[in-house]
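What follows is the residue order along each chain.
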Amino acid sequence: MSDQIKKQIDIPASRSRVWRALTDYREFGEWFRVKLEGPFAVGESARGHILYPGYEHLIMEVEVQQIEPEHLFSYTWHPYAVDPEVDYSDEVPTLVEFRLEETTTGTRLTVTESGFDKVPAHRRLEAFRMNEGGWEEQVQNILRHVSANP
């Protein structure tokens, strides 16, 4: 098992358009399926109710690490923290990075989640497996969202 998940997708839209879909908390919520309470700010937590079927009872919480306009947006979180009876706050979070680069046809989005080697051994494999599939779905979600809302 690797320490990181990496997904890449080419989106036929400008870098500024993809950036807005990533960093405007309302747009992020639309394609990510989460109703965030407020905007992203470096050093601040962003949280909200997950809207994905079967996970509506959960709150997503991320700590924004970096916002480099139209280039890099990153946050930390606790991967696959789905048991409401478990306190994940003592675990070392993983780092999620969204990187944008221009291509001849639009924008390449690279999503990397790293730090799985720090996830407790008893849940590391499942967290990795679930997020591997989750990121595969999310890059398709942002592609559909940007394509439908130019």
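Overview of the structure. Each chain has its residues counted from 1, running along the sequence as written. Totals for whole chains, interfaces and linings use all residues, but because this is a predicted model, local features are given only for residues with pLDDT of at least 70 and pairs of side-chain atoms are given and counted only at 80 or more. Working from all heavy atoms in the structure, the side-chain values ignore hydrogens and water.

1. Some thoughts on the overall build of the protein chain
Point 1. The helix and strand tally for the protein chain stands at 3 helices and 7 strands.
Point 2. Its helices and strands in sequence order give the protein chain the pattern β-α-α-β-β-β-β-β-β-α, from N to C terminus.
Point 3. Put simply, the radius of gyration uses C-alpha atoms, and a globule should come to 2.2 Å times the residue count raised to 0.38. On C-alpha atoms alone, the protein chain measures out to a radius of gyration of 15 Å, which is about the 15 Å that the 2.2 N^0.38 rule sets for 150 residues.
Point 4. Dimensions of the protein chain along its principal axes, counting C-alpha atoms only, are 45 × 30 × 30 Å.
Point 5. Partly exposed residues are those whose accessible area sits between 20% and 50% of the maximum for their type, while under 20% is buried and over 50% is exposed, using a 1.4 Å probe and protein chains only. Within the span of the protein chain, comprising 150 residues, buried residues form 43% of the whole. Comment: elements are numbered from the N terminus, with helices defined as DSSP H or I runs of at least four residues and strands as E runs of at least two.

2. Points about helix H3 (residues 121-148)
Point 1. Compared with the 40 Å implied by 1.5 Å per residue over 28 residues, the 40 Å span of H3 between its first and last C-alpha is a close match.
Point 2. Buried within H3 we find Arg-123, Ala-127, Phe-128, Asn-131, Trp-135, Gln-138, Val-139, Asn-141, Ile-142, His-145 and Val-146.
Point 3. In this analysis, two residues are considered to be in contact whenever any of their non-hydrogen atoms come within 4.5 Å of each other. Tucked inside the fold, the buried residues of H3 contact strand S1 (4-11), helix H1 (15-23), helix H2 (25-32), strand S5 (72-77), strand S6 (94-103) and strand S7 (106-114). Each residue after the first adds 1.5 Å to the expected span of a helix.

3. A short note on the packing of H1 against H3
Point 1. Axes here mean lines fitted to C-alpha atoms, for a helix over just the part in contact, with angles spanning 0 to 180 degrees between N-to-C directions. Contact pair H1 / H3: the axes reach a minimum separation of 10 Å and the direction vectors enclose 120°. One finds that H1 runs oblique with respect to H3. The chirality of how H1 crosses H3 is right-handed. On the side of H1, the interface is formed by Arg-17, Val-18, Ala-21 and Leu-22, while H3 contributes Ile-142, His-145 and Val-146.
Point 2. Each residue receives one of three labels: charged for Asp, Glu, Lys and Arg, nonpolar for Ala, Val, Leu, Ile, Met, Phe, Trp, Tyr, Cys and Pro, and polar for the others, Gly being one of them. Among the residues making up the contact of H1 with H3, the classes are represented as 5 nonpolar, 1 polar and 1 charged. If an angle is under 35 degrees, it is roughly parallel; if it is over 145, roughly antiparallel; if it lies from 65 to 115, roughly perpendicular; otherwise it is oblique. Handedness of a helix crossing follows the sense of rotation of the near helix relative to the far helix, less than a right angle counterclockwise being left-handed and clockwise being right-handed.

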